[in-house]
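The primary structure of each chain is shown beneath.
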Amino acid sequence: MGTKHHSSSDLVSDNKKRRRAAFSKIDTGIEANECIKIYLVSSKDEVDSQNSFRIEPVDLNHFFEDEGKIYGYQGLKITVWLSSVSFHAYADISFESTSDGGKGITDLKTSLQDIFAENLVDVKDDFLQTFSTEQHYVKSLVSNSEGLHEDTNNGNSDRQQEEEPAHTEVFRVTGTGVGLLYSRLVPLVLLLVDGSNPIDVIDPRWEIYILVQKGQEDGCMRLLGFAAVYRFHRYPDAMRLRLGQILIIPPYQRKGYGARLLKTLNSIALSENVYDLTIEEPVDALQHVRTCIDVQRLLAFKPIHEALGPAISQLKHENLSKNRCEPPASIVEDVRKSLKINKRQFLQCWEILIYLRLDPIDKYMDNYVTIVSNRVKADVLGKEAEGAGKQLVDIPSEFDQDMSFAMFKSAGDESSGIEKEADQGNVEEQLRQLVEDRMEQIKSVVQKVSADRA
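The residue numbering used here restarts from 1 in each chain and proceeds along that chain's sequence as written. Only residues with pLDDT of 70 or above have their local features reported here, since the model is predicted, and side-chain atom pairs are shown and tallied only from 80 upward, although totals for entire chains, interfaces and linings are computed over all residues. Hydrogens are left out, water is left out, and the side-chain values use all remaining heavy atoms of the structure.

**With respect to the overall build of the protein**
We apply this condition: Where helices and strands are cited, they refer to DSSP runs of H or I of at least four residues and of E of at least two residues respectively, numbered from the N terminus. Residue burial is assigned from relative accessible area. The probe radius is 1.4 Å, only protein chains are included, and a residue is buried under 20% of its type maximum, exposed over 50%, and partly exposed in between. Throughout, a contact is declared for two residues whenever any of their heavy atoms are within 4.5 Å. Values of accessible area rely on a 1.4 Å probe in the Shrake-Rupley scheme; residue burial ignores everything except the protein chains shown.
The secondary structure content of the protein amounts to 15 helices and 16 strands. Expressed as a percentage of its 454 residues, the buried residues of the protein come to 44%. A separation threshold of at least 6 residues defines the contact pool for the protein, and within that pool the share at least 24 residues apart is 70%. For the protein, the accessible surface area stands at approximately 26,300 Å², while carbon and sulfur atoms represent 48% of it.

**A word on the layout of surface pockets**
Our working rule: Only protein atoms enter the 1 Å grid used here, on which a cavity is any set of points holding a 1.4 Å probe that cannot leave and a pocket is any open set flanked by protein within 12 Å on both sides along at least five of seven lines; residues with an atom within 4 Å of a point are listed as lining. Grid points are joined across faces, edges and corners, and a volume is the space filled by probe spheres set on the points.
Approximately 1,000 Å³ is the volume attributed to the second largest pocket. If you trace the second largest pocket, you find 31 residues lining it, with Arg344, Gln348, Asp379, Arg438 and Gln441 closest to the centre. Elements with a contribution of two residues or more to the lining of the second largest pocket: β14 (277-279), α10 (284-299), α13 (343-357), α14 (365-386) and α15 (424-453). Tallying contributions element by element places α14 first for the lining of the second largest pocket, with eight residues.

**Topic: the packing of aromatic side chains**
For clarity, the cut-off: Two rings from Phe, Tyr or Trp (for Trp, the six-membered ring) form a pair when their centres sit within 6.5 Å of each other. Planes less than 30 degrees apart are called stacked, planes more than 60 degrees apart edge-to-face, and all others tilted.
Summed over the entire model, instances satisfying the criterion amount to eight aromatic pairs. Pairing Tyr355 with Tyr368 gives two aromatic rings, centres 5.2 Å apart and planes at 75°, and the pair type is edge-to-face. One end of the pair, Tyr355, is in helix α13; the other, Tyr368, is in helix α14, with 13 residues separating them in the sequence. Of the two residues, Tyr355 and Tyr368, neither departs from the other in class, the shared state being buried. Connected via pairs of aromatic rings, a cluster forms that spans Tyr90, Phe127 and Phe131.

**Digging into unusual backbone geometry**
Phi is mostly negative for residues that are not glycine, and the peptide bonds are mostly trans. In this model, Glu56 is joined to Pro57 through a cis peptide bond whose omega is -5°. With respect to the helices and strands, Pro57 occurs in the loop between β3 (53-54) and α3 (65-68). Tyr235 connects to Pro236 through a cis peptide bond whose omega is 5°. In this structure, Asp48 is a non-glycine residue whose phi angle is positive, near 75°. As for its placement among the helices and strands, Asp48 is situated in the loop between β2 (36-41) and β3.

**A short note on empty space enclosed by the protein**
Evaluated as defined, the whole model comprises one cavity of 30 Å³ or more. Each pocket or cavity is described by its volume, and for the largest cavity that value is around 120 Å³. Lining the largest cavity are Leu262, Asn266, Leu277, Ile279, Arg290, Ile293, Asp294, Arg297, Lys340, Ile341, Asn342 and Gln345. Breaking the lining of the largest cavity down by element, the ones donating at least two residues are α9 (257-271), β14 and α10.

**Looking at the sheet that holds strand β6 (residues 77-83)**
The strands making up a sheet associate through backbone hydrogen bonding, with each pair oriented either parallel or antiparallel. Put simply, the rule reads: At least two DSSP bridges between two strands are needed for those strands to be called paired.
The strand order β3-β2-β6-β7 describes an open sheet built from four strands, whose pairing is mixed. Bordering the open sheet on either side are β3 and β7 (89-94), each of which pairs with just one other strand. In this structure, β2 lies alongside β6, joined through six bridges in parallel fashion. The residue bridging Ile38 from the neighbouring strand is Val80, located in β6.

**Some remarks on a negative patch on the surface**
Note the following rule: Here the term patch refers to residues with relative accessible area over 30% and no salt bridge, with like charges joined within 9 Å and nonpolar side chains (Val, Leu, Ile, Met, Phe, Trp, Tyr) within 5 Å. We define a salt bridge as a side-chain nitrogen of Lys or Arg found within 4 Å of a carboxyl oxygen belonging to Asp or Glu. Under this rule, positive means Lys or Arg and negative means Asp or Glu; His and the chain ends count for nothing. Here the site of a charge means NZ on Lys, CZ on Arg, CG on Asp, or CD on Glu.
Together, Glu65, Asp66, Glu67 and Asp114 give the surface a local cluster of negative charge. The element contributing the most residues to the negative patch is α3, with three residues. Its place among the elements puts Glu67 in helix α3. Residue classification places Glu67 among the exposed residues on the basis of a relative accessible area of 72%.

**A few points about the side chain of Thr130**
Along the chain, the position of Thr130 falls in helix α5 (residues 124-133). Each residue touching Thr130, except ones within four places of it in the same chain, is listed here: Ser86, His88 and Gln135.

**Description of the confidence of the model for the protein**
Keep this limit in mind: A score between 0 and 100, pLDDT records how confident the predictor is in each residue.
The predicted model of the protein has a mean per-residue pLDDT of 84, with 80% of residues at 70 or higher. A low-confidence stretch, residues 155-162 (pLDDT under 50), is modelled with 13 contacts involving residues beyond four sequence positions or located in other chains.

**Regarding the packing of helix α11 (residues 302-317) against α13**
Definition in use: The axes used here are C-alpha line fits, helices contributing only the stretch in contact, and every angle between their N-to-C directions lies in the interval 0 to 180 degrees. In these notes the angle categories are as follows: under 35 degrees is roughly parallel, over 145 is roughly antiparallel, 65 to 115 is roughly perpendicular, and the rest is oblique. Here the nonpolar group is Ala, Val, Leu, Ile, Met, Phe, Trp, Tyr, Cys and Pro; Asp, Glu, Lys and Arg are the charged ones; every other residue, Gly included, is treated as polar.
Interaxial distance between α11 and α13 falls to 10 Å at its minimum, and their mutual angle equals 70°. On the basis of their axis angle, the class for α11 and α13 is roughly perpendicular. Where α11 abuts α13, its residues Ile304, His305, Ala307, Leu308, Gly309, Ala311, Ile312 and Leu315 lie against Phe346, Trp350, Leu353, Ile354 and Arg357. Residue classes in the contact of α11 with α13 are distributed as ten nonpolar, two polar and one charged.

So this is what it looks like as structure tokens:
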């Protein structure tokens, strides 16, 4: 077979063909978390300074479609400066080049506006000016709001009162002021409150409580945090308060300000004689602070100590295989009426109160773990038992399919009941882990409460 020889013109032609046949590089995108940094700044001098307070960790990916990725940019860097004075924001965007690699080019401005909305300022100089033009923003809020004071007879000792954060005050914002304020705060809610959705500011039953630090050298006031509370009717003639969102701005966290807000809300519940105060799906850190406060209040509530006696005696002397050392119904109602602590929260505090009364705790630890385990099992398995034999069935309809269904209860042991876990050993392991987690929570609260009482 002869060898094929290529002329120079043939080589050029082949190279051109190869180039035409080559595939362009596929754009895999960059995660928003990798290219966006957010800094909280209190003056224009802090802007562009890498020593400014960075807000982290923040999950930004869920604000961007296509699995949280940004497409079409090479060398992309986005630095967002968020003012702690007026809560306006400015985004400094830089990149080497843009190209459509098959996924298009992400509209960065629109994506950032999904987070910061009208608070996002387009021109940097305009953003820098807000530090002077808006320096009295918080002060103007205070002037149009109701000042509130924590009730010193709220189950707190004099020692605890002395340790309250100094130079702070809580104000209640209602009416049209709620919407105006919340529109500035909602970016922080979206960034920092897990699983949060903006409240309906049009609903007049929402109130916002702001914690403000006074006595600044420049005469300004500083917003440290806020709580959004919903006020709703309870038949026939009572009102309830539900804490929907609470946030202490990152630089001021872990300094007692969250507890300050919660104690003020407790005082409001008492002074206005509402039915009770609840918290909507509290995260672990908030639940810890709340429980520490409530346990301290309950320790100062005299009827509690009388009610604890029989429970302690049961724990020490009786078979606790199925016993949960429940508090008497009368004390549950007394606590709700006198301290506005709802039943679910009180039962968690009740376990801790028993722990504090056991002496020595090591001698009775096995029995104590048993009652905690019994309660955990009742909370988890009891809910499944309530639904046993029930089945939800979709029904064809000419109306909205999502709104058309029926529920019926099966007779006997039909298989249509709620499906049970096949691996019983796995269920037991999960329950054991829940009990261990609960014990860790109890010990953490006990340690904090004991330290405060020392």
